[in-house]
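# Per-entry structural report
Okay, here's what each chain looks like letter by letter:
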Amino acid sequence: VHNEFTKLMETVASNANAVRTCKTPKRLDDLKRLSNELDQCQRSLSDYLESKRNAFPRFFFISDDELLSMLGTSDPTSVQEHMLKLFVNCKKLKFRGHNVVGMESSEKEYFDFCESVEATGKVEKWMDRVQD
């Protein structure tokens, strides 16, 4: 979709006559098809994010963009900026390597977990273990 739309816009940009550009054969059909394909991509993305939220319901407290930023990286510390939205008064997690070993509150109160949680694999899985 992206490549085809970019190519179409390059063609449009190279032709200064708007009427002639709009009357190009099948232009409206191409734009409608691209719009439909983009809608399908958006629905698929929404379904994917919904499945992640169902796996870890606290993800319902953050926006699609915030969730995508967490899911789109292999860095487990990417959850840090969203912790206050995910857990009441939990400002950040304490990491030691790829293990979560504790939590810190907004008031700088800190506690260690009895057992560390390995923060590898799917973020919704290890965040669920942090929650437990």
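A brief report on the enclosed structure follows. This structure is a prediction, so every number in the text was calculated from the model and none was measured. (Residues numbered from 1 in each chain as written. Predicted model: local features only at pLDDT ≥ 70, side-chain atom pairs only at ≥ 80, totals over all residues. Heavy atoms only, no water.)

### A word on the nonpolar core
One finds Val-79, Leu-93, Val-100, Trp-126 and Met-127 to be the most contacted residues of the largest nonpolar core, which totals 23 residues. Of the residues forming this core, the biggest block, 4 residues, is contributed by helix 6 (residues 123–131). Ignoring anything within four residues of it in the chain, the contact list for Trp-126 reads Pro-76, Val-79, Leu-93, Phe-95, Val-100, Val-117, Glu-118, Ala-119, Thr-120 and Gly-121. (Core = buried A, V, L, I, M, F, W, Y, C linked by side-chain atoms within 4.5 Å. Buried < 20%, exposed > 50% of the residue type's maximum accessible area, 1.4 Å probe, protein only. Helix = DSSP H or I, 4+ residues; strand = E, 2+ residues; numbered from the N terminus. Contact = heavy atoms within 4.5 Å.)

### Side note on the layout of surface pockets
Empty space within the largest pocket amounts to approximately 180 Å³. Together, 18 residues line the largest pocket, and Thr-73, Ser-74, Gly-121, Lys-122 and Val-123 are the ones closest to its centre. Every element with two or more residues in the lining of the largest pocket is listed here: helix 3 (27–55), helix 4 (64–71) and helix 6. Counting residues per element, the lining of the largest pocket draws most heavily on helix 6, at 3 residues. In the lining of the largest pocket, the residues fall into 8 nonpolar, 6 polar and 4 charged. (1 Å grid on protein atoms, 1.4 Å probe; cavity = no way out; pocket = protein on both sides within 12 Å on 5 of 7 lines; lining within 4 Å. Points joined across faces, edges and corners; volume = space filled by probe spheres on them. Nonpolar A, V, L, I, M, F, W, Y, C, P; charged D, E, K, R; others polar.)

### Considerations on a nonpolar patch on the surface
On the surface, Phe-5, Met-9 and Leu-31 cluster together into a nonpolar patch covering about 240 Å² of accessible area. Following the sequence through the fold, Met-9 ends up in helix 1 (residues 2–13). For Met-9, a relative accessible area of 33% puts it in the partly exposed group. (Patch = residues over 30% accessible without salt bridge, like charges linked within 9 Å, V, L, I, M, F, W, Y side chains within 5 Å. Areas by Shrake-Rupley, 256 points an atom, 1.4 Å probe, with all protein chains shown as cover. Salt bridge = Lys/Arg side-chain N within 4 Å of Asp/Glu carboxyl O.)

### Notes on helix 4
Spacing of three or four residues puts side chains on the same side of an α-helix, whose turn is 3.6 residues. Every buried residue belonging to helix 4 is among Glu-66, Leu-67, Met-70 and Leu-71, and all of these are buried. With its buried residues spanning 130 degrees around the axis, helix 4 presents them on a single face. (Arc of directions from axis to C-beta.)

### Here's the deal with the pairing of strand 1 (residues 90–96)
Bridging between strand 1 and strand 2 (residues 99–105) involves 6 bridges; their strand directions are antiparallel. Looking at strand 2, one finds that Lys-92 is bridged to Glu-104. Counting the residues in the hairpin turn of strand 1 and strand 2 gives 2 residues, including Gly-97, whose phi is positive at 65 degrees. (Pairing = 2+ DSSP bridges.)

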